[in-house]
Structure formats: C-alpha cells, structure tokens
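Spelled out, the chains give:
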Amino acid sequence: MMHFFAVEHLSAGYARKEVLRDISFQTQQGSLVGVLGANGSGKTTLLKAICQLVAHSGSCLLEGEEIGTFSARNLARKCAYIPQRSGIEIDISLLDVVCMGFNSSLGILQQPTKEMKARAMQALQQVGLAERADENYRLLSEGQKQLCIVARTLVTDAKLFLLDEPESALDIQHRSRLMALFRDTVKERNACVLAALHDPNLALHWCDKLLLIQDGTILEQLYPKKDSLKKMEQAFAKLYGDVSLLSCKDAYGNEHLVLFHITEEGICSR
Amino acid sequence: MKRSMALPTKKQFDYIVCMITGAILVVLVICSLLVGKYPLSIAGLVADEGIQRKVFWTLRFSRTMMAVWGGCCLGITGFAFQTIFRNPLASPDIIGVSSGASAGAAAGILFFGGSLAVTMSSFFGAFCAVAAALLLARMDMSRKNGSIVLAGIAVHALAQTVLMALKLTADPEKELASIEYWIMGGLNQITLYDMKIPAVLCLLSMVVLFLFHRQVILLSADSAEAKMLGVDVGKMQMLILLISTLAVACTISLTGLISFIGLLAPHIARLLTKNNRKITMLLSGLMGAVILSLADILARSVASTELPISIFTSLIGAPFLIYLIGKRRDV
C-alpha cells in the first residue's frame, strides 16, 4: 500500500555528528502529526532532512515520489516549511512577505498578480493580521512574525506542511487558533502536517498521531484518539520522566487529555 | 465648501521623495555642467562661443554623465549587495571588487600606460578578484552566506599584497603618484569615448538588477528559507553577484576608487522610504548619483587645484557609518 507520506530509514546529521538514526514512519492524507522530544533530540533535524536542508541517507516519499529528486521550485510547490525563526531582517511589508509564498508559481521575472495579492490578504485575515498588511514586518513581535510566516505558508498549494515549533512565540489563544487553522487546512486540501512541538498538551489535543523522539530515534508512535491513557502515559514517562496523564472535561463537556509532570516540589502541567 | 487636505499614502510619499531627489539631481547636473575652472554660462553656450562649446562637450558633459550613471550604478549595486548578503555594511569592497580593480589599475599604469589600458586592466583586476572570491566560496562545503564574505576578505588581502608589490617596483616620481591618484578616485580625465562600452554594460546590468528585484528580496531571507520558497539560492546569488560586479567594475575602472557611495546611498533611500521595494532601489540609484555629482562639483571648486572625490564622499560617509553602527546598537 502506498502511503501519502513515508520516511524510510532516515539518518541525518551535521559534519561528523549523527543526529538522527534510522527513522521510519508513515502518515495519511488529512492528518496532523506532532513530533515531540526534549531539546536536542533531533526534531528540527528531522524536518530539515525531509526538506533536503541537511545531509541525510534513507528516503522521504511524498505520494510515492522521492522528495530528494524535486527541483527547488517543485519542492517549494509541494512542501511548505516554517522555520523556528524567519531570517527576514529587512524593512518589508507583511503583504510582501506573504506574497513570497507565490514564488514557486511565478516566473523569475514575474510579479504577483492582483488575485495573488487578494489571496495573500485573505491569508493575513486568517491569522488576524489583515489590518497590518502594509506595516513593517521587521517591527512586529516574534509571535506576529510567526503568524505572518504561517500566512505565507497558507497561500502555497503545498501538500506537506513542515512546521518547526510554530507555537513557540505564541500566546495560548493564538496557539489554539494556529493548530485549528492547520487542522482545517489539511482536511480541506487532503494534505498533511508534520509539526515539531514543545507542548505535549497542545499535541495531544490537536494531533492525530505523535512521534516521540529521543536521542535521534523514534521512541514511540502514539495515536491520542485511539491509544489507551496507560499506554500513552508510559510512553511519555520514557521521554519526560515521572508524568501523569489525565482525561478531563471543559465547561462545554468536551474531553481533553492533560499531561502533568510530577516533580519533588509537587505537580506541574507540561 | 471646505476641502480637507488628505495626507499622501505610503506609496505616494515614496514617489514624491523620488521626484524631489530627481529634481535635486537635475539642479546638480546643471551646476556640474557650468561649474569648474573655466566657468560656462547657458547664454554663452547658446551664443555658440567656440571655446565654451568645446569645454562643454569635451570636459563637462562626459564627467557630469559619468557622475550620474556611476553614482546611480554604485547606489543600485550597493542595494543589491546589502540585501543578498543580509549585511547592512556590505558593499562591492567586501568581495574584493575594489581591491582587485586597484591592483589591476596599478599593473596597467606600470606595464602598459595610457588611460584605456588602465581602464581595461582595472576591469580585468576586478573580475579576477570576484572570480577568485567565488571560487574560494565554493570550496567551503557549508555554503553559508558568510563564505563569500570570508573569501572576499582573503582576496582583498591578496590584492593588497599584489598592489604593495607593484607600488614597490614603481617609479616614485611618476608611476607611484599615478597609482595613488587613481586609488583616490576622480572624474577629470574621462572622455565620452572611454565611457561608451562601460556605460552600455552598466545600463544593461542595472536594467537586469531591476528586473531581478523580487529575487534579490527573496535572497534576503536565509538560504534555507529562500530554498524552501523555491529559489535556487546558489545560482541566483551567483547571477546577481556577477551582474552587480560587472556594473561596479565598469564604473570604477573609469573613475578609480570611490568610497562609501555603495554603502551610503541605499541606507539613505531606506531611511526615507522605510521599505525595500523597487522604488527604494531606484531611489538608491538617484541618491548615489546625487552624492557623486555633489562630491564632483566640490572636488573641482573648493580649492585652486582639483581634489580627489573620495575625500568628499568619505567626509559624508564616515560620520554616516558611525551613525549606522550606533543605530544598530539601539536595535
């Protein structure tokens, strides 16, 4: 059976240091996959290896095609990547930053069309920045910059979204808004999101599948909507130490999974 | 009925700034055509006075045009260099263009003589320096943006050594003075005949840079981000670098070294427009032309003898560089 996106025996690293070792997993269309792990466990390297940004062995297949064989333009058309922090440091409007997302559909000398600009405005609307479209990107807060880069990703026709800690600079309200936005996007487009996340509670709530990474290998693959609490708690305990996973209901009766980290001083939420 | 005055929009403001700069440039061009050791007047030129017309066509017109397109070229290439290297202090100097041109010019003065030979030789020196920098940068397996800067520093050091060795062998009375004078920069010996080919190449390079503006801006993101936006980073960076170098080499091979314009003009343009759109690129060119024209007018009018242009561009540029360093600390 051909999987929508499959990573097979992927190993990667920098210079002579191997960071990822023999990673294999598959994902389905319309799914949101979270990658969890401690700092330095290899989450970013995994995303960069899939994007062909670091040297690696093994294969990454998107709809049966090896991503490594894609040209730069084709790679940008099929895979959208959000880095931890964007490298843009010049004075440029938010609208122009979002329009960069159309580059793979434009000729080298072509300019974004009116329709493209309207789509860019729509994407800014989706992340709540439409009214600031003409403002200077460099002067935004880190969280707002992150949202603008998310809007740039949304204007692409990508099938695979690779997000490197997209929630790190966002407040609780925007974190949920961002995850809801990507959940809706993957469902609409039959695409797939692979997101390196720091917050296991956010991952448990929004992701269909979780990859727990430790020391460059996959420790466990979890399905929060299917797996038992006990199984997931045991898996998280291997990653984070003494933890407790509870199921609770919010004021509207919706069920949520909450992971607590148990320390000597008491219990604190992850 | 009272009509309220609407403030111009951001875009309109940018166009107004461009038009004002263009108007200042026109005034400077007129001054440049008329000011000098032999003052000219419009009435005299119209009245068909032989000497006035001769001075106008053989001396003033060529140096004024050189100041306009040379400044424009240095401003636009400065904008491209600062953007693609993601470094506000970047200029053609950092990849060794200027030092290569100096070494080339010194070789031209020593071994060939004659203005055309010096021009060709400095042009060749600039291109050799860039080729060496690009070759060295490609040897760095990390292929980071900084590689070309490090390679530029190495090439600059090498070119300076060559220049020093050439100066040591030069006749102190004549050749050494010529080398030093070339390095100080000036527009006084440029003729329309010398300008023809460099001006066409320079104009073509600037048109291509304008057409590639969107790619230049995409390269302002870091290389991984630009690649994921569909840019073939290595090839595109190389192409823009070669086009910019061609334009700069064409200019400084005629004028000698002119400091600070490539650094200064794009910063002034960005301070005024607060963006990096095409209009800012155009304004960088206009600013470059204004600064070089002004420096040239001052160079030939403040003292009884003509002074090197770089004295005036450095007088404006050095305090501005200090201001920039201070501003970066604030940020």
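Enquirer: An account of the nonpolar core is requested, with residue identities and associated values reported.
Expert: Within soluble globular proteins, side chains that are nonpolar generally end up buried alongside one another. Ranked by internal contacts, the top residues of the largest apolar core, which has 160 residues, are L124(A) and F236(A). Here this core gets 13 residues from one element, more than from any other, and that element is helix 3 (residues 50–84) of chain B. Setting aside residues up to four positions removed in sequence, F236(A) forms contacts with L36(A), P200(A), L204(A), L210(A), L212(A), L222(A), G241(A), V243(A) and L259(A). If you look at the next biggest cluster of nonpolar residues, it comprises 31 residues, including F5(A), L10(A), L46(A) and L162(A).

Enquirer: Got a sec to walk through the confidence of the model for chain A? Specific residues and values, please.
Expert: Per-residue pLDDT for chain A averages 91, and the proportion of residues at 70 or more is 97%. For chain A, strand 13 (residues 266–269) of chain A is the element with the lowest average pLDDT, namely 59, and helix 3 (residues 94–99) of chain A is the one with the highest, namely 96.

Enquirer: Can you tell me about the confidence of the model for chain B, naming the residues and giving the values?
Expert: The predicted coordinates ought not to be read in detail in places where the model reports low pLDDT. Residue and element names in this part refer to chain B. Residues of chain B with pLDDT of at least 70 account for 94%, and the chain-wide mean is 85. Mean pLDDT across the secondary structure elements of chain B bottoms out at helix 2 (residues 42–46), with 77, and peaks at helix 9 (residues 213–218), with 95. We note a pTM of 0.87 for the whole complex and an ipTM of 0.88 for its interfaces.

Enquirer: Explain the interface of chain B and chain A to me, and be specific about the residues and the numbers.
Expert: Taken together, the contacts link 26 residues of chain B with 34 residues of chain A. Both faces combined, the contact of chain B with chain A buries some 2,400 Å², and carbon together with sulfur accounts for 56% of it. Scanning the region where chain B abuts chain A turns up 2 salt bridges. As a salt-bridge pair, R152(A) and E225(B) come within 2.8 Å of each other at their nearest N and O atoms. Counting every contact that joins chain B to chain A gives 13 residue pairs in polar contact (both at pLDDT 80 or more). Of all elements in the fold, only helix 9 and helix 10 (223–228) of chain B reach the threshold of two or more residues within the side of chain B that touches chain A.

Procedures and definitions
The residue count restarts for each chain, going from 1 along the sequence in the order it is written. Naming scheme: in the order in which they are written, chains are lettered from A and ligands are numbered from 1. This being a predicted model, a pLDDT of at least 70 is required before a residue's local features are given, and a value of 80 or more before pairs of side-chain atoms are given or counted; all residues contribute to the totals for chains, interfaces and linings. Side-chain measures here rest on the full set of heavy atoms in the structure, leaving out hydrogens and waters. Nonpolar cores are built from buried Ala, Val, Leu, Ile, Met, Phe, Trp, Tyr and Cys residues. Side-chain atoms within 4.5 Å join them into one set. The rule is simple: take the accessible area with a 1.4 Å probe, protein chains only, and divide by the maximum for that residue type; under 20% is buried, over 50% is exposed, in between is partly exposed. Numbering of helices and strands starts at the N terminus; helices are DSSP runs of H or I of at least 4 residues and strands are runs of E of at least 2. Between two residues, a contact is recorded if the distance between any of their heavy atoms is within 4.5 Å. The predictor rates its confidence in each residue with pLDDT, a number between 0 and 100. In this description, buried area is defined as the sum, over both parts, of the accessible area (probe of 1.4 Å) that is lost when the two are combined. Any Lys or Arg side-chain nitrogen found within 4 Å of a carboxyl oxygen on Asp or Glu counts as a salt bridge. Under this definition, polar contacts are N or O atom pairs within 3.5 Å; protein pairs additionally need one hydrogen-donor-capable and one acceptor-capable atom, and for neighbouring residues in sequence, both atoms have to be side-chain atoms.

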